[in-house]
Amino acid sequence: PRPGSSPALQAWVEDIDRQARTKLGMGRVADYIPALADQDPERFGLAICTNDGQLYTAGDAEIPFSIQSLSKVLLLSLALRRHGDALWRRVGLNPSGMPFNSLMQLETEHGKPRNPFINAGAIVVADHLVGAFATPSKHLQDVARTLSGNAGLLIDRQVLASEWRHRSRNAAAAYLMKAFGNLDNEVDEVLNAYFACCALRMSCADLAVTLNYLAADGHAMTTGDRFVPPAMAQRINALMFTSGMYDAAGDFAYRVGLPAKSGVGGGIVAIVPGRFSVCAWSPALDERGNSVAAQYALELLADDLGRWSGTLP
Ligand code: GLN
């Protein structure tokens, strides 16, 4: 992608950045692992990647952060490319209405997670990839490097080690699924792959470019190839719309109305199908684990979308 050429759009992005920063005092940085607790809550970044290859950025859009659950979108895309609809025998398609790390439904629903965007669901998806690739996290890192065009992307070893040390809840989910026969590989190996994917560091600009294929019928911005078929891109967007914001998916759909996925690193990616992908980031989260300022930025953006119908590609 090239830097955006419309001064009006650039001014819009900067205006959203300015307004979103009024929310910076609100929320709390994730502290379930020490390695994330020292993030700077004053950071805010915004990046828009239009389907015709323009990149508009504001604030801290170039600063890499821990992508955490945003990796679940890439994991799901890779697993669907490989296994297609067979994946849905092992993970469901419905919103959970529960926190992303909840174990409650896992037992009553016989080890089949509600959807691929809660932790248990992403662990099942990671299990598929452990079966398919020698080092799934390295594969995911390579794919992210190719799709973003940024060969410098790295997995944060400190975050990975911290996830591992504090893995009890994710390990409980994995063992429960193993007991129900819904995990093929060893729990430790699957968890390690899942944590390594969560620990990848990317910036708003990297993420908007990488996930632009969801706005572009599956076409990857950097390679020009079809990364996933159009119907698959549509289905991933549908899942993001219903389950991408955890137990706040309904609220977010009402307020913003776009497919989106959030992570506890404070990033949220949203998709305007046929037009652009956007990533907003700020580390302080609300009680459901979604970034306060990033959600607000996407709300402002969605409110203004009509204004740009003639300008945006
Ligand atoms: N690594 C985090 C976890 O497993 C990912 C969760 C998230 O971003 N919501 O708890």
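On a predicted model such as this, the values are computed, not experimentally measured, just so you know.

S.K.: Describe in detail the nonpolar core, supporting the description with residues and values.
M.R.: By size, the foremost hydrophobic cluster in this structure holds 107 residues, and its most contacted members are Ala47, Leu75, Ala126 and Ala208. Looking at which domains feed residues into this core, each of domain 1 (2-66 + 200-308) and domain 2 (69-198) supplies at least three. Ignoring anything within four residues of it in the chain, the contact list for Leu75 reads Ala122, Val125, Ala126, Leu129, Leu140 and Cys197.

S.K.: Explain the sheet that holds strand β10 (residues 276-281) to me, and be specific about the residues and the numbers.
M.R.: Strand order in this open sheet of 6 strands is β1-β4-β3-β10-β9-β8, and the pairing throughout is mixed. Taken across any chain shown, the strands that pair with only one partner, and hence form the sheet edges, are β1 (2-3) and β8 (260-262). The pairing of strand β3 (residues 45-50) with strand β4 (residues 54-59) spans 5 bridges and is antiparallel. In the sheet register, Leu46 faces β4, and the bridge partner there is Ala58.

S.K.: Lay out the packing of helix α5 (residues 119-132) against helix α8 (residues 168-179) with the relevant residues and their values.
M.R.: In contact at an axis separation of 10 Å, α5 and α8 are set at 60 degrees when each is read in the N-to-C sense. Considering the angle they form, α5 stands oblique to α8. Relative to α8, α5 is oriented so that their crossing is right-handed. Here Asn119, Ala120, Ile123 and Val124 of α5 lie close against α8, whose contacting residues are Asn170, Ala173, Ala174 and Met177. When the residues that make up the contact of α5 with α8 are grouped by side-chain class, the tally is 6 nonpolar, 2 polar and no charged.

S.K.: Outline the UniProt feature "binding site: substrate" (unreviewed entry) in the chain, supporting the account with residue identities and numerical values.
M.R.: What UniProt calls "binding site: substrate" (unreviewed entry) maps, in this numbering, to Ser69, Asn119, Glu163, Asn170, Tyr194, Tyr246 and Val264. Within the fold, Ser69 resides in the loop between β5 (65-66) and α3 (71-83). For Ser69, the residues in contact, after removing those within four places along its chain, are Phe100, Phe117, Cys198, Lys261, Ser262, Gly263 and Val264. With respect to the helices and strands, the residue Asn170 is situated in helix α8. When sequence neighbours within four positions are dropped, the list of residues in contact with Asn170 reads Asn119, Ile123 and Leu191.

S.K.: Pulling in residues and values, what's your account of the confidence of the model for the chain?
M.R.: Detailed reading of the predicted coordinates is not advisable wherever pLDDT is low. Overall, the prediction assigns the chain a mean pLDDT of 96, with 98% of residues at 70 or greater. Listed scores for the predicted complex are pTM 0.96 and ipTM 0.94.

S.K.: Requested: an account of unusual backbone geometry, with residues and values cited.
M.R.: In the Ramachandran plot, Gln68 falls in the positive-phi region, its phi being about 45 degrees despite a non-glycine side chain. We note that His110 has phi near 55 degrees; this positive angle belongs to a residue other than glycine. In this fold, His110 is placed in the loop between α4 (104-108) and α5. For His110, a count of 13 C-beta atoms within 10 Å translates into the label partly exposed.

Analysis parameters
Residues numbered from 1 in each chain as written. Predicted model: local features only at pLDDT ≥ 70, side-chain atom pairs only at ≥ 80, totals over all residues. Core = buried A, V, L, I, M, F, W, Y, C linked by C-beta atoms within 7 Å. Buried ≥ 20, exposed ≤ 12 C-beta atoms within 10 Å, placed from the backbone. Domains from an automatic or database assignment. Contact = placed C-beta atoms within 7 Å. Pairing = 2+ DSSP bridges. Helix = DSSP H or I, 4+ residues; strand = E, 2+ residues; numbered from the N terminus. Axes fitted to C-alpha atoms, helices over the stretch in contact; angles between N-to-C directions. Parallel < 35°, antiparallel > 145°, perpendicular 65-115°, else oblique. Left-handed = near helix turned anticlockwise from the far one by under 90°. Nonpolar A, V, L, I, M, F, W, Y, C, P; charged D, E, K, R; others polar. UniProt positions renumbered as here; feature names shortened; annotations may be inferred. pLDDT = per-residue confidence, 0-100.

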